[in-house]
Amino acid sequence: MALSKDGVFYLGKQYDPAEKKLLDQPILFNPADLTTHAVVTGMTGSGKTGLCIGLLEEAALEGIPAIIIDPKGDLTNLLLHFPDLLPSDFEPWIDPETARREEKTVGQLAEETALRWKNGLAEWGLGSNQIRELKDAVDFALYSPGSSAAVSVNILSSFESPDLPWAENREILREKISTIVTALLGLIGLNDIDPLRSREHILLSNILEHAWSSGKSLDLTDLILQTQKPPFDRLGAFPVNNFFPEKDRLSLAMLLNNFLASPSFEVWREGQPLNVQNFLYSPNGKARHSIFYLAHLNESERMFFVTLLFASIESWMRSQRGTGNLRTLIYMDEIYGYLPPLSNPPSKTVMLRMLKQARAFGVGLLLATQNPVDVDYKGLSNAGTWMIGRLQTDQDKQRLLDGLDSAGGGVNRQQMDRLISTLGKRVFVLHSVHAKQPLLFQTRWVLNYLAGPLTRSQLPSLMPLTSIADVSVTPVQQTTSDLQSARSAPVAAGAKGFTSARPPVPSGVEEYFLPNDLPLSESIRQANIPPSAQIEQKGFVYYPALFAQANINYLARKYNLEINREVAVLVQETRGRSIEWDDFNWRPFKRAEITAQPLPAAQYAPLPGWLADARQLTAFQQDFVEWVYRNATIRVRANEKLKVYAAPEVSTAEFREQCAQAARSALQSEVDKLETLYQKKIEDLNRKIERAKSDVADKENTYKQRQMEELATHGQSLMNLFGKRRATLSSSMTKRRLTSEARDRLEKAKLALEQLQKQLKDIETEKNRELKQIQDRWADMVNDEVEIPLSPYKKDIFVPLYGIIWIPYYSIMVDRQVREIPAFRSPG
């Protein structure tokens, strides 16, 4: 099925989980359904980003404008559409490190990538024509708030008086004022405040309301000055100086002024104002997709801008007429931390209002997250569509199902559980209030090249791909994030500012030295330097990085387990003032391994700014501990019936052997009890049988004796008869009677013996049957294995190693060019 402007979104094709294959049934999604909002969730690698990019491609082809919030840097890929599918188009966006790992040149990998993209599109009936249509369908814009790497954004416009009349819209405008002030206070470190209790919030809100209600605009300088000398005398029933003393107001003004006076704030004054109409439409009325790149900002700056942006969108939305169609799409790539279930960050209030009210204005929110356990599902109860991808743990799945129950209700939990359990990469469950039942589908191949997250230094290269490429941007200085790939390339000697003296680190920060445990010959081979090259070793160069190592103690007395884990990271690059710790896993060290002296006569690279900032390093340490805590849950193997538990490092075979040993011990104990019970019964019967046998023998002897006596009596009678003596008939009859009685007693004794022998046989049969039942029961218990999640307490997480680590590289001359190659072994 080819893409076209046909009023529906082509998401992919239906997927058969039983056959594990695609069905020839396209999944067509009505864009109007997005006015009830949509949530996309799935773990890293599930294909979530590809699905959302596909949705945005469909919106572009339909001419629907979009505001795209990109906290991680992935959505810059929306600009990488290459209609000619030439390797030269892909080559600038190929990661040199990936090419090195695959032992290929960047050009070779670009050719393979171009061919793979062409073939992938062809399998879905797509190609150059659709990419060209996408490129021409809308204008694309790229913004970098707080940076001049792309188009900067002037946040001071947020304090300008809106075009809405105050009298008719005071409730709406007060909500906007509250949102702006909450965001501003969060930026200067006053988080989680209550607008009804916070003096700072009440004062600043009244200053803004005083200006806006008079039709006046404020800038940040005006706001700071009026904080010291408010344009009114009273707040509520109290004079201003009683409610908020002048000394305290000066402290608040100083905090605001520190932000204003910071050199880094200058870029927040420049660029395009927060004008939502301009973000959605070009001057000639063409729909626009505006991407806001936020990966370089720290958490508080990111929260500040996202809150202001949503407040501006809400104000613009209120000025529009109502509609049942999708007027515009607001996409946020990761809502973790912005809409949490318990805390109340500045963004939460305005996002909840948008979720409840935006539908009437044709504004759809598309929200994505890979953290299903940290989302306010009640807040998302207005989301009519859920697209659920592969989840990391069963806990994530169960939490998501709980959330769907609490959010929307009417969810067939058993059916949804079964569907989610079958998901693979790029396969999603589509659950919508507009559909009769959930559907399973695989996403189509996207038109844009998915290069992965791009860094701030790459943004200037992206600008020619936008529709506003004429806006001047400032090239970004090369940062630590570029050093690793740059180190494998030839450089001029001394070009990087190396010094023989080790740069001083912030006071109180520990220093470590990564062992140089990779031989030069092996490093040369890994760097793909040809054997024919002329190589001369010049010495060693150390580059700085951040190293952190945590010890996690798990104590579970119920399971009789005490587990210790070590988690380590080595960070050579940051995204502004944030670190994606998942990307920097390293092997743990003992302190003695990394506290040896550095190599003699080595050169040192300078410390980047983020490593020279003691306060920032302290913040990173706290963030590292939070990351360790969030990701510290382990799965403990358990056999509850046998009371056998094992840590994650115990293999399946070892655990089952432990279960088997426990079962054998318990089985033997139960068998011994059974043997003891039946042994007494069998011994009693054997004694009775012996007595019965003796009785039979006695009675058999008696019977034989009676027979002899009877015969003798009969013989005497015959002799008397032939001798003409008188026969004694009574004597003969008596002997006959005694013989008959002896025979009867013998038969009874034999019958009694047979009955006892049968009882013995029955008891032995019963014993064997019970033995088999016991053996079968314990055999079943051995296979009764489950996994139990085990999380540590935060107090049981320790950080014994945290500081700056110096990483050694060989400095070599290769064919008269200086290169630096690793002198250390990477983990794994």
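Source: prediction; values computed, not measured.

Participant: How should the overall build of the protein chain be read in this particular structure?
Facilitator: Scanning the protein chain from terminus to terminus reveals 23 helices and 25 strands. In terms of its C-alpha atoms, the protein chain occupies a principal-axis envelope of roughly 165 × 75 × 65 Å. Counting the 828 residues in the protein chain, one finds 49% classified as buried. Long-range pairs, those at least 24 residues apart, make up 76% of the contacts in the protein chain between residues at least 6 apart in sequence. Carbon and sulfur atoms make up 48% of the accessible area of the protein chain, which totals about 40200 Å². Separation between the mean location of the 97 positive side-chain charges and that of the 99 negative ones in the protein chain comes to 9 Å.

Participant: Explain empty space enclosed by the protein here, please?
Facilitator: Taking a probe equal in size to a water molecule and rolling it over the atoms shows the remaining empty space. Applying the stated criterion across every chain yields a total of one cavity of 30 Å³ or more. Residue lining of the largest cavity: Tyr10, Leu11, Gly50, Leu51, Gly54, Leu55, Thr443 and Arg444, and that is the complete set. Looking at the lining of the largest cavity, the elements that each hand over two or more residues are strand 1 (9-16) and helix 1 (48-61). Per element, the largest residue contribution to the lining of the largest cavity is four residues, and it comes from helix 1. Class assignment for the residues of the lining of the largest cavity results in four nonpolar, three polar and one charged.

Participant: How do you make sense of the environment of threonine 328 when you look at a structure like this?
Facilitator: Mapped onto the elements of the fold, threonine 328 is located in strand 11 (residues 328-332). Given a relative accessible area of 0%, threonine 328 falls into the buried group. Separated by 451 residues in the primary sequence, threonine 328 and alanine 779 have C-alpha atoms spaced 62 Å apart. The contacts of threonine 328, once residues within four sequence positions are left out, are Ile64, Pro65, Ala66, Leu280, Trp316, Gly362, Val363 and Gly364.

Participant: Looking at this structure, I do not really get the packing of helix 13 (residues 299-318) against helix 14 (residues 346-357). What am I missing?
Facilitator: Relative placement of two packed helices is described by the angle separating their axes and the distance separating the axes. Contact geometry for helix 13 and helix 14: axes closest at 9 Å, N-to-C directions at 30 degrees. Between helix 13 and helix 14, the crossing angle belongs to the class labelled roughly parallel. The hand of the helix 13/helix 14 crossing is left-handed. Touching Met303, Thr307, Phe310, Ala311, Ile313, Glu314, Met317 and Arg318 of helix 13 are Pro346, Ser347, Val350, Met351, Arg353, Met354 and Gln357, all from helix 14. When its residues are assigned to classes, the contact of helix 13 with helix 14 shows nine nonpolar, three polar and three charged.

Participant: What's the story with the packing of aromatic side chains in this structure? I'm lost.
Facilitator: Each pair of aromatic rings is reported with the distance of its centres and the angle of its planes. By the definition in use, this model includes 23 aromatic pairs. Judged by centre distance (6.1 Å) and plane angle (45 degrees), the rings of tryptophan 586 and phenylalanine 824 are tilted. With tryptophan 586 in strand 19 (residues 585-586) and phenylalanine 824 in the segment after strand 25 (817-822), this pair connects stretches of sequence that are 238 residues apart. Tryptophan 586 gets classed as buried once you look at its relative accessible area, which sits at 15%. Classification of phenylalanine 824 as buried rests on a relative accessible area of 5%. Put simply, the rings of Phe82, Phe90, Trp117, Trp445 and Tyr449 touch in pairs and so form one group of aromatic residues. When the ring centre of tryptophan 124 is taken as origin, the NZ or CZ atom of lysine 13, which lies over that ring, is 5.6 Å away. Above the ring of phenylalanine 244, the side-chain terminus of arginine 199 is found at 4.3 Å from the ring centroid.

Participant: Got a minute to help me understand the sheet that holds strand 11 in this structure?
Facilitator: Within a sheet, adjacent strands bond to each other through the backbone by hydrogen bonds, running parallel or antiparallel. Read from one edge of the open sheet, 11 strands run 2-1-15-14-13-3-12-11-4-10-5, paired in mixed fashion. The open sheet has two edge strands, strand 2 (21-29) and strand 5 (139-143), and neither has a second partner. In this sheet, adjacent strand axes meet at a mean angle of 25 degrees when their direction is disregarded.

Participant: What is the right way to look at the environment of isoleucine 202 in this model?
Facilitator: Position of isoleucine 202 among the secondary structure elements: in helix 7 (residues 199-212). When its relative accessible area of 21% is taken as the criterion, isoleucine 202 is described as partly exposed. With 42 residues separating them in the primary sequence, isoleucine 202 and phenylalanine 244 have C-alpha atoms 9.9 Å apart. Residues in contact with isoleucine 202, not counting those within four places in the same chain, are Pro195, Leu196 and Phe243.

Participant: Just checking my understanding: could you explain the pairing of strand 17 (residues 535-556) for this structure?
Facilitator: A regular strand places its side chains so that they alternate between the two faces of the sheet. Bridge count between strand 17 and strand 24 (residues 797-814): 16 bridges; the pairing is antiparallel. Its bridge partner being in strand 24, phenylalanine 540 is matched across the sheet by tyrosine 810. Across two bridges, the pairing between strand 17 and strand 20 (residues 603-604) is parallel. Each residue of the ladder has a partner; that of tyrosine 542, found in strand 20, is tyrosine 604. Bridge count between strand 17 and strand 18 (residues 561-571): 11 bridges; the pairing is antiparallel. Along strand 18, the bridge assignment pairs glutamine 549 with alanine 568.

Participant: Is there a simple way to explain helix 13 in this structure?
Facilitator: With 20 residues, helix 13 extends 29 Å from end C-alpha to end C-alpha; this agrees with the ideal 28 Å at 1.5 Å per step. For helix 13, a buried count of 18 out of 20 residues is recorded, marking the element as mostly surrounded by other parts of the structure.

Participant: When you look at the nonpolar core in this model, what are you seeing that I'm missing?
Facilitator: Buried together is how nonpolar side chains tend to be arranged in soluble globular proteins. By size, the foremost hydrophobic cluster in this structure holds 158 residues, and its most contacted members are Ile67 and Phe310. It is helix 13 that provides the largest number of residues to this core, a total of 10 residues. The contacts of phenylalanine 310, once residues within four sequence positions are left out, are Ile69, Ile330, Met332, Val350, Met351, Met354 and Leu365. By size, the runner-up hydrophobic cluster in this structure holds 53 residues, among which are Ala548, Ile579, Leu611 and Phe624.

Cut-offs used in this document
Residues numbered from 1 in each chain as written. Predicted model: local features only at pLDDT ≥ 70, side-chain atom pairs only at ≥ 80, totals over all residues. Heavy atoms only, no water. Helix = DSSP H or I, 4+ residues; strand = E, 2+ residues; numbered from the N terminus. Buried < 20%, exposed > 50% of the residue type's maximum accessible area, 1.4 Å probe, protein only. Contact = heavy atoms within 4.5 Å. Areas by Shrake-Rupley, 256 points an atom, 1.4 Å probe, with all protein chains shown as cover. Lys, Arg positive; Asp, Glu negative; His and termini not counted. Charge placed at Lys NZ, Arg CZ, Asp CG, Glu CD. 1 Å grid on protein atoms, 1.4 Å probe; cavity = no way out; pocket = protein on both sides within 12 Å on 5 of 7 lines; lining within 4 Å. Points joined across faces, edges and corners; volume = space filled by probe spheres on them. Nonpolar A, V, L, I, M, F, W, Y, C, P; charged D, E, K, R; others polar. Axes fitted to C-alpha atoms, helices over the stretch in contact; angles between N-to-C directions. Parallel < 35°, antiparallel > 145°, perpendicular 65-115°, else oblique. Left-handed = near helix turned anticlockwise from the far one by under 90°. Phe/Tyr/Trp six-rings, centres within 6.5 Å; stacked < 30°, edge-to-face > 60°. Lys NZ or Arg CZ within 6 Å of the ring centre and 35° of its normal. Pairing = 2+ DSSP bridges. Expected span 1.5 Å × (residues − 1). Core = buried A, V, L, I, M, F, W, Y, C linked by side-chain atoms within 4.5 Å.

Treat this as a map of the structure, not an account of what it does.
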